[in-house]
Amino acid sequence: MSATLPPSSTPTSGLAPETTPGSPVDARGGGSLWREAYLRLRRNPAAIAGAVIVALFILVAVLAPVLAPHGGDDLPGRQYITPTHIPGFGEVEGFPLGLDRFGGDVLSKLIWGAQASLLIGIVSTALGLAGGMLLGLLAGGFGGWVDSIIMRVVDVLLSVPNLLLAVSIAAVLGQGSAAVMIAIGASQVPIFARLLRSSMLSQRGADYVLAARTLGLSPGRITISHLLPNSIGPVIVQATLTLATAVIDAAALSFLGLGGGRPETAEWGRMLTYAQNELAVAPQLAFLPGICIAITALGFTLLGEALRESLDPKTRSV
C-alpha cells in the first residue's frame, strides 16, 4: 500500500526560494531575512541594552527644549562663579550638577549637547553613506576600469587614519558645525564604498542574478533591482557602528577647536575643551561630558554589533 503525499507536500513549479545568504528570502525559514534578524535582536541582551541607550539618547536630544531647565547658551549662574571656586553638585539650589566656568547650568548643557551630537552624527553618517554607496555602486555595478579607478582612490583615502583625514578636511573648510559634518562624512566615504562594492561582487554569481540575466534583464536593472537590495545589509550595519565613531569624532574635532561656536555653546566636545583648565577646581566638568560620549558610543556599538551578528550567516545562531 503506497502512501499518498499530502497536498502541501507535492512539488510545485517555478523557481525555488533563493538560499544565498544575502538574499531577502531564506529557504530555511521561508521568511524575510530582516524579520528573522529582528527576532534574533529581540533575544539578544546586548542588542536590547544598546537599543535602550540609543533610544534614551535620541529621546533626550529630541526633547531637549522640554527637559533642559535653561537654554544651551544661557548663563544663569554667573553670579556664583569666583576665580577660585566653581559650584559643584548641589551646591547651588536649582543647579543639581553644578555650574561651569561661564556660569552655565551643566545639566542643561549636557542635555543640549546630546542634541548637537545627535545632529552631527546623523548628518555626517548620512553624507558618508550617500557618497560611499554612490562610489560602491559604480565600482560594483560597472566593474572594469571604473572599478579600478574608484578603488585606487579609495585605497589612498583608507591609507590615511580616519580622524586625521577628518581633521585635515575640517581645517581646510574652516571652523563650524557644517565643516565638522562634511569632514566626518567625507572620511567615512571610503569605508562604505569598499564595503558595498565587496558585497555586490560576492552577490554577482548568485542564482537570482543568473536567473535575471536569463530572463533578459539589462545590467542596470539587475544592479539596481537585485544586486543593490541584496548587498545593502552590511552597509546598514556599518552605518550603525559608524554613528558611534561619528559622535566621538565630532567631540574630538570640537576639542581641537574646529567645531566653531562660542565657548559657552552646549556641545560635549566643546565642554571638554574648556574643562581641561578647570580639572583641579571642578573635575566633574570633564567627567560628565566624557561619560555621556562614552555611553552613547557604547550604545551604538552594541546595537551595531548585534545587528551584524543577526545578519551574518556565519555567526548568527538559528
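Residues numbered from 1 in each chain as written. Predicted model: local features only at pLDDT ≥ 70, side-chain atom pairs only at ≥ 80, totals over all residues. Heavy atoms only, no water.

K.L.:
Help me understand the overall build of the protein, please; the structure alone is not making it clear to me.
P.N.:
What the protein contains, in helices and strands, is 12 helices and 0 strands. Order of helices (α) and strands (β) in the protein, N terminus to C terminus: α-α-α-α-α-α-α-α-α-α-α-α. Across the protein, contacts joining residues at least 24 apart in sequence account for 69% of those joining residues at least 6 apart. Summed over all atoms, the accessible surface of the protein reaches about 16200 Å², with 67% contributed by carbon and sulfur. (Helix = DSSP H or I, 4+ residues; strand = E, 2+ residues; numbered from the N terminus. Contact = heavy atoms within 4.5 Å. Areas by Shrake-Rupley, 256 points an atom, 1.4 Å probe, with all protein chains shown as cover.)

K.L.:
Before we go on, may I ask you to explain the packing of aromatic side chains in this structure?
P.N.:
Any two aromatic rings considered together are summarised by their centre-to-centre distance and by the angle between their planes. Summed over all chains, the structure comprises 4 aromatic pairs. Taking 6.1 Å as the distance between ring centres and 85 degrees as the angle between the ring planes, the aromatic pair formed by Phe-57 and Phe-300 counts as edge-to-face. In this pair, Phe-57 is assigned in helix α2 (residues 45-62) and Phe-300 in helix α12 (residues 284-311), connecting sequence segments 243 residues apart. On the basis of relative accessibility, which here comes to 6%, the residue Phe-57 falls in the buried class. With a relative accessible area of 5%, Phe-300 lands in the buried category. The structure contains a cluster of three or more aromatic residues connected by ring pairs, namely Phe-57, Trp-268 and Phe-300. (Phe/Tyr/Trp six-rings, centres within 6.5 Å; stacked < 30°, edge-to-face > 60°. Buried < 20%, exposed > 50% of the residue type's maximum accessible area, 1.4 Å probe, protein only.)

K.L.:
Any chance you could explain a nonpolar patch on the surface here in plain terms?
P.N.:
On the surface, Ile-48, Val-52, Leu-56, Ile-58, Leu-59, Val-62, Leu-63, Val-66 and Leu-67 cluster together into a nonpolar patch covering about 790 Å² of accessible area. Among the secondary structure elements, those contributing two or more residues to the nonpolar patch are α2 and α3 (64-67). When residues of the nonpolar patch are assigned to their parent elements, the largest contribution, 6 residues, is made by α2. Counting through the fold element by element, Val-52 comes out in helix α2. (Patch = residues over 30% accessible without salt bridge, like charges linked within 9 Å, V, L, I, M, F, W, Y side chains within 5 Å. Salt bridge = Lys/Arg side-chain N within 4 Å of Asp/Glu carboxyl O.)

K.L.:
Would you mind going over helix α8 (residues 207-214) with me for this structure?
P.N.:
Turn by turn, an α-helix covers 3.6 residues, leaving residues three or four places apart pointing in a common direction. What α8 keeps buried is the set Tyr-208, Val-209 and Ala-212. For α8, the arc enclosing every buried residue in end-on projection is 100 degrees, short of the 170-degree limit, so these residues lie on one face. Away from its buried face, by an angle of more than 90 degrees, α8 presents the exposed residues Asp-207 and Thr-214. Of the surrounding elements, those touching the buried residues of α8 are α7 (177-203) and α9 (219-231). (Arc of directions from axis to C-beta.)

K.L.:
What am I meant to see in the pattern of salt bridges here?
P.N.:
Two side chains with opposite charge may pair up if their charged atoms get near one another. Counted by the stated rule, this structure contains 7 salt bridges. As a salt-bridge pair, Lys-109 and Asp-100 come within 2.6 Å of each other at their nearest N and O atoms. Take Lys-109: its relative accessible area is 3%, and that puts it in the buried class. Take Asp-100: its relative accessible area is 9%, and that puts it in the buried class. The closest approach of N and O atoms between Arg-152 and Asp-155, which form a salt bridge, is 2.9 Å.

K.L.:
Mind showing me how you'd approach the environment of Ile-111 here?
P.N.:
With respect to the helices, strands and loops of the structure, Ile-111 is situated in helix α4 (residues 106-142). Classification of Ile-111 as buried rests on a relative accessible area of 10%. Between the alpha carbons of Ile-111 and Ala-61 there is a distance of 6.7 Å; along the sequence they are 50 residues apart. Ignoring anything within four residues of it in the chain, the contact list for Ile-111 reads Val-60, Ala-64, Leu-67 and Ala-68.

K.L.:
Can you walk me through the environment of Asp-74 in this structure?
P.N.:
Topologically, Asp-74 is positioned in the loop between α3 and α4. Judged by its relative accessible area of 40%, Asp-74 is partly exposed. A polar atom in the side chain of Asp-74 sits 2.8 Å from the backbone nitrogen of Gly-71. (Polar contact = N/O pair within 3.5 Å; in protein donor to acceptor, adjacent residues only side chain to side chain.)

K.L.:
It is not clear to me how the packing of α8 against α9 should be interpreted in this structure. Could you clarify?
P.N.:
When two helices pack together, you describe them by how their axes are tilted relative to each other and by the distance separating the axes. The N-to-C vectors of α8 and α9 enclose an angle of 175 degrees; their axes lie 11 Å apart at closest approach. Viewed along their axes, α8 and α9 adopt a mutual orientation that is roughly antiparallel. Here Tyr-208, Val-209, Ala-212 and Arg-213 of α8 come into contact with α9, specifically with Ile-222, His-226, Leu-227 and Asn-230. When grouped by side-chain class, the residues that make up the contact of α8 with α9 number 5 nonpolar, 2 polar and 1 charged. (Axes fitted to C-alpha atoms, helices over the stretch in contact; angles between N-to-C directions. Parallel < 35°, antiparallel > 145°, perpendicular 65-115°, else oblique. Nonpolar A, V, L, I, M, F, W, Y, C, P; charged D, E, K, R; others polar.)

K.L.:
What is the right way to look at the confidence of the model for the protein in this model?
P.N.:
Do not read the predicted coordinates in detail wherever pLDDT is low. Averaged over all residues, the pLDDT of the protein is 82; the fraction at 70 or higher stands at 87%. α2 holds the highest mean pLDDT among the elements of the protein, 93, whereas helix α1 (residues 33-42) holds the lowest, 78. Segment residues 1-31 is flagged for pLDDT under 50; beyond a separation of four residues in sequence, or across chains, it makes 32 contacts in the model. (pLDDT = per-residue confidence, 0-100.)

K.L.:
Sorry if this is basic, but what is going on with the side chain of Thr-273 here?
P.N.:
Position of Thr-273 relative to the elements: it lies in helix α11 (residues 268-275). Looking at Thr-273, its side chain comes within polar contact range of the main-chain oxygen of Ser-254, at 3.2 Å. Ignoring any residue separated from it by four or fewer positions in sequence, one finds Thr-273 in contact with Ser-254 and Phe-255.

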